[in-house]
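Geometric and topological summary
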Amino acid sequence: MPTLAHPEKRLSFWKKYIFSTDHKIIGIQFLMTSLVMFLLGGLLALLLRWQLAFPGKPVPFIGNLFPTSMMAGGIILPEFYDSLFTMHASLMIFFAIIPILVGAFGNFLIPLQIGAPDMAFPRLNMASYWLVPPAAVIILAGFFLEGGAAATGWTAYPPLSEFEPIGQNCWLISVILIGTSSILGAVNYITTILNMRAPGMTLFRMPLPVWALFITAIISLLATPVLASALFLLLLDRTIGTHFFLPQGGGHALLWQHMFWFYSHPAVYIMILPGMGIVSEVISVHSRKPIFGYHSMIYAIMAIAGLGFIVWGHHMFQSGMNPTVGTSFMISTLVIAVPSAIKTFNWLGTLWRGNIRYTPAMLNAIAFVSMFVIGGLSGIFMASTPVDIFIHDTYFIVAHIHYVLFGGSMFAVFAGIYYWYPKMFGRMMNKPLGILHFILTFIAFNGTFFPMHILGLGGMMRRIYDTTQYAHIAHFQPINVFITINAFVLGMGQIPFILNFFGSLLWGKKADRNPWEANTLEWSTTSPPPHGNFETVPQVYRGPYEYSSPESKQDWLPQDKPAGHGA
Amino acid sequence: MKSKKDGIDETKAPLHKSIKKSRPLSDFKIAKRAAPLCLFLFRSLLLSGMFSASAGAATLKGKVSLEGNPTANPVIHMDADPVCKAFYAEEVRVPSVLVNPDRTLQNVFVYIKSGVTHTPEAPKSPVVLDQKGCMYHPHILGLQAGQPLSIVNSDSTLHNVHALAKKNAEFNLGMPIQGMKLEKTFFNPEVMMKFKCDVHPWMGAYLGVLPHQFFSVTAESGNFEISGLAPGEYVVEAWHEVYGTKSETFKVTHTDETREVNFNFSASQIADEASGVSIKTGVPKPVRKSFDDSTALNKPRKKTGWWLPESISTYSDKIDFLFYVILWITGIIFFGVQGALIWFLIRYRRRPEAKGYFTHGNARVEIIWTIIPAVILIALAFMGQKVWAEVKMTMPGAPDKIQIRIQAEQFAWNVQYPGADGKFDTPDDIRNINQLHIPVGKPVQVTLTSIETADKRAVIHSFFLPEFRLKQDVMPGMAIDVWFEAKRTGKYEIACAEFCGLGHYRMRGFLSIHSPEGFDAWLAEQAAA
Ligand SMILES: [Cu+2]
Ligand SMILES: [Cu+2]
């Protein structure tokens, strides 16, 4: 049972901010690191969008700064283009979205929302963060090695990845490190949630972000070791000459795909479930209503996690895997859409008859619901095996994944940052700048990714350096130009966010304990909370979403407020 | 693999020992290399001066001729790259056997194989290999180890220069931009190093890397001349890409003599490219053009705008139908959900002093909105299964189906037909690169494999026929069958849909759908060729 918060000790700067074991600092470290990687990944995407819209034209302004192994006279070379799309996806998935949602929000929120003074294993937690910077350095080092950074796609399919230059080894080692970080984090989250809840915080009184992060941690713990093994086997193939994925030595290239997707499909849920939790929280608070169907939300998360482990084959319908197996994966994949639909209807139910407040956090949460609907519906096309024959490996897939991971995860990340920023840093973010950032991002996001569905329907393949040469897709070039313009606006649209984020650290209005009039425990302590989080161990009396309850005069009723006091 | 084995087909030509007055160690090297660097000029002159002063310099001259009638060089099909095709109005052939009117042979690399004792420092000025008109210029070239080779792309298309070096570092580099230059230096002697373009399979060049500068390439006259030789005993070798090598020994005794060695190749003895073993050539067969299928092949494609491409296989409409069913269902859900969302956002926006409606949910609606999507999704699964089984789980039973093998390599589609005997891997097989010909209205069954060649790895590709709505990954170590049947004639494309390396984006094949008669005629034509 957690005891009283330990008194603030005098810690050196290094202990306090760099090698800290405080879950809040570690959460913020994850947040900062992943935001930097998010911007870097975005810049890589802009370079490759340039090539797609204007193939063979020199990149303006910065083109000549690149070495000749990447660009010739400012023109992106095919080798570099291949590295760009590989590194864009790898950075975004392994270094931006997973660490932000799981690392940053997981660390920051779990102890605060369950009323614990810290994580169960603070040093393990610190280790989990400190695996990330070396991993980032290693993966980026590939750019400066002979042969360039990894260039086989983020899926790194062997046999191709067996023969590519040294940058592929950097990629493998780096992702192994990141995977280890995830596993350490997962162990910590599960233990903390099971053992360190405040008195009265039963499992079914936990806020939905904690539930989502709990299930996510279980997925991580079960799936990540499989990825790590696959990566390790490939590394052995590449370094000591084993043949796990090479048919000429009795291995099989499909083995990689099974192992990779056994992790990477659940990984999609690692990247979306915490977002769903955040969005549920933000929507309930801002609608001033209990979440509609709290229990069915939790069961839906569990169903997604469970089914998520038996759908990986839908990435392999056209891979040469026996088509009969494809049929069973089609059925499980279509069924997994059901819990997603339940969640969407529950969000709508939460908004229904609410008293909706609009803040940048809420706008981003609503965008999540709206965009997730598109990403979910487009998934049905792929789940249907015959339709997938045509759209597999086309831009339809690229559109789909970006509606899920940007339209979904990233909007949830923005919602979460706008919502918890006052608790993290003790200051409010600027609202007009937040709204400007939201509008630019929302419009440019749709302008960038919606037309990709059309490209996919035209049969435009992914990972093509120059799409203008194929007769069936050459006439889509104006759409590519349109997409690229929107992508640049999307990139520019992040400037108000960066200004807001760093500007508010200095000039933001001081935040009081509970600026959003919310119920969960983190809002009952100071902003930011002290080392140890709570002045006294909170006692929990009710569920997290008792908004507009007739028990209370106000339209909120904190979890730790004894009954009868507010009436 | 290019360097021919020594001593193949050694029919010793008589050694002509006509001793002539030679030019003094001439500016031959300098003039030929046209060195732009003054420093280099100066040093060469100095060096040659030293030689002529101390030991003098002899010259080796001679002629290379060819006996018999050579088989015609293969025709190059540049259809794979329209940029290349546009360079040539007429038929282009591989420049491998070029015979002059006086029966002398061009493009023979003649060099001193052994006996050279003095090796001057390698020149600093580069030898240029130009990629122009989708051909290498020159086709045969030589340089001294340590002398740079400057590779230029003069075309506005991607070339991928691939040096199949054995004794030097192999390299494989994309050159996508017109005017792009690349400089490489080889430090180990190697005769001959083949250069090929991974984008344009017909492009080839041969480079002789020697420890010295004593070499010559025959041209329109069929003559060669190597000068600056000090007294001593030498072996001279003549190398030709088709006819292999021949060598002779000669002696230089006087400083200013001119020796003559002639080589004579026979058109009936060619060297096998892979092994270097000498083999007899067959008599070329006449090619007959029997049937004009151009109306069927040139039938215009349907314009489809920014939507699904034309649907031309027997099952493509069924796939499209399923697509439209899903589009309608998801479209209705999309508008329903987004409409409700927007309505709630406006209708229930903040009202001061108001509270939200206090409810934790409703079990009945939860059950309803669980069951309805589940029913729709299961129904879609059943609908999909029928078409899926037709396309991927069954192969056509028709006895007259066309059987084809396609071997995907980095980055081309090798197409193989069984030929008249209906059996694969027999001498009458028809083989093509990047050109798939099929008849309309007949099921075609293709067996897909991924192969490795000397310098290419077996990796995953994906055989994609957009207009047929067919896609199938080509998996190394597996032979996967797919089938399709065209509903119309015309010319279409094969795309590679799975990232397979640097040249993936150019891994484009061409599909010609013939009329039935046109296809038979095409087969006959191919069998004859
Ligand atoms: Cu080329
Ligand atoms: Cu390919």
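Keep in mind that what you see is a predicted model, and the values were worked out from it rather than measured.

Below, the discussion takes up the overall build of chain B. Each helix and strand counted, chain B has seven helices and 32 strands in total. The 529 residues of chain B split such that 52% are buried. Restricting to contacts in chain B with at least 6 residues of sequence separation, those with at least 24 account for 68%. As presented, chain B carries roughly 23900 Å² of accessible surface, and 60% of it is formed by carbon and sulfur atoms.

Another point: the coordination of the copper ion (ligand 1). Residue and element names in this part refer to chain B. Coordination of the copper ion (ligand 1) by the protein is provided by His 159 (ND1), Cys 197 (SG) and His 200 (ND1), with metal-donor distances spanning 1.9 to 2.2 Å. Donor residues for the copper ion (ligand 1), ordered by position in the chain, follow H-x37-C-x2-H. Within this pair, whereas His 159 is found in strand E10 (residues 159-164), its partner Cys 197 is found in strand E13 (residues 190-197), the two being separated by 38 residues in sequence. Residue class for Cys 197 comes out buried when judged on its relative accessible area of 1%.

Residue and element names in this part refer to chain B. Summarising the metal site, the copper ion (ligand 2) is bound by the protein donors His 461 (ND1), Cys 496 (SG), Cys 500 (SG) and Met 507 (SD), whose distances to it range over 2.1 to 2.3 Å. Of note is the copper ion (ligand 2), whose four donor atoms meet at the metal with angles of 92 to 126° in an arrangement that counts as tetrahedral. All donors to the copper ion (ligand 2) come from one chain, and their sequence spacing reads H-x34-C-x3-C-x6-M. Take Cys 496 and Cys 500: they sit in the same class, and that class is buried.

Turning our attention to the interface of chain B and chain A. Taken together, the contacts link 91 residues of chain B with 100 residues of chain A. When the buried area of chain B at its contact with chain A is split by residue, B:Trp388, B:Phe499 and B:Tyr505 rank highest and sum to 10% of it. At the junction of chain B with chain A, the criterion picks out zero salt bridges. If you list the elements that add at least two residues to the side of chain B that touches chain A, you get strand E11 (171-175), helix H5 (316-347), helix H6 (363-393), strand E29 (470-474) and strand E31 (490-496) of chain B. Looking at which element gives the most residues to the side of chain B that touches chain A, the answer is H6(B), with 17 residues. By residue class, the composition of the side of chain B that touches chain A is 57 nonpolar, 17 polar and 17 charged.

The grouping of A:Phe13, A:Trp14, A:Tyr17 and A:Phe19 at the surface amounts to a nonpolar patch, some 480 Å² of accessible area in total. Here A:Phe13 shows up in helix H1 (residues 13-18).

Attention now moves to helix H9 (residues 253-287) of chain A. Residues and elements named next belong to chain A. Look at H9: 50 Å from first C-alpha to last across 35 residues, which is about the 51 Å you get at 1.5 Å a residue. At Trp 261, H9 shows its maximal bend, which comes to roughly 30°. Across the 35 residues of H9, 32 count as buried, placing the element largely inside the fold.

Residues and elements named next belong to chain B. Pairing in this open sheet of five strands is mixed, and the strands run E8-E14-E13-E10-E11 from one edge to the other. Two strands in the sheet have a free side with no partner beyond their single neighbour: strand E8 (140-144) and E11. When the angles between neighbouring strand axes are averaged without regard to direction, this sheet yields 20°. The sheet contact formed by E10 and E11 spans five bridges and is antiparallel. Among the inter-strand pairings, Val 161 is bridged to a residue of E11, identified as Leu 173.

Let us now look at the packing of helix H12 (residues 360-383) of chain A against helix H14 (residues 395-425) of chain A. All names here are of chain A. At a minimum axis distance of 8 Å, the contact between H12 and H14 shows a crossing angle of 160°. When the axes of H12 and H14 are compared, the pair comes out roughly antiparallel. Where H12 crosses over H14, the two elements pack in a sense that is left-handed.

Within the fold, A:Ile479 resides in helix H16 (residues 477-492). Expressed as a C-alpha distance, the spacing of A:Ile479 and A:Pro451, which sit 28 residues apart in the sequence, is 6.9 Å. Not counting residues up to four positions away in its chain, the partners in contact with A:Ile479 are A:Pro451, A:Ile454, A:Leu455 and B:Trp306.

Conventions we followed
- Residues numbered from 1 in each chain as written.
- Chains lettered and ligands numbered in written order.
- Predicted model: local features only at pLDDT ≥ 70, side-chain atom pairs only at ≥ 80, totals over all residues.
- Heavy atoms only, no water.
- Helix = DSSP H or I, 4+ residues; strand = E, 2+ residues; numbered from the N terminus.
- Buried < 20%, exposed > 50% of the residue type's maximum accessible area, 1.4 Å probe, protein only.
- Contact = heavy atoms within 4.5 Å.
- Areas by Shrake-Rupley, 256 points an atom, 1.4 Å probe, with all protein chains shown as cover.
- Donors = N, O, S within 2.8 Å, 3.2 Å for Na, K, Ca; no water.
- Tetrahedral: all angles 85-135°; square planar, octahedral: opposite > 155°, others 65-115°.
- Buried area = accessible area lost by both parts, 1.4 Å probe.
- Salt bridge = Lys/Arg side-chain N within 4 Å of Asp/Glu carboxyl O.
- Nonpolar A, V, L, I, M, F, W, Y, C, P; charged D, E, K, R; others polar.
- Patch = residues over 30% accessible without salt bridge, like charges linked within 9 Å, V, L, I, M, F, W, Y side chains within 5 Å.
- Expected span 1.5 Å × (residues − 1).
- Bend = angle between axes of the 7 residues up to and from the residue.
- Pairing = 2+ DSSP bridges.
- Axes fitted to C-alpha atoms, helices over the stretch in contact; angles between N-to-C directions.
- Parallel < 35°, antiparallel > 145°, perpendicular 65-115°, else oblique.
- Left-handed = near helix turned anticlockwise from the far one by under 90°.

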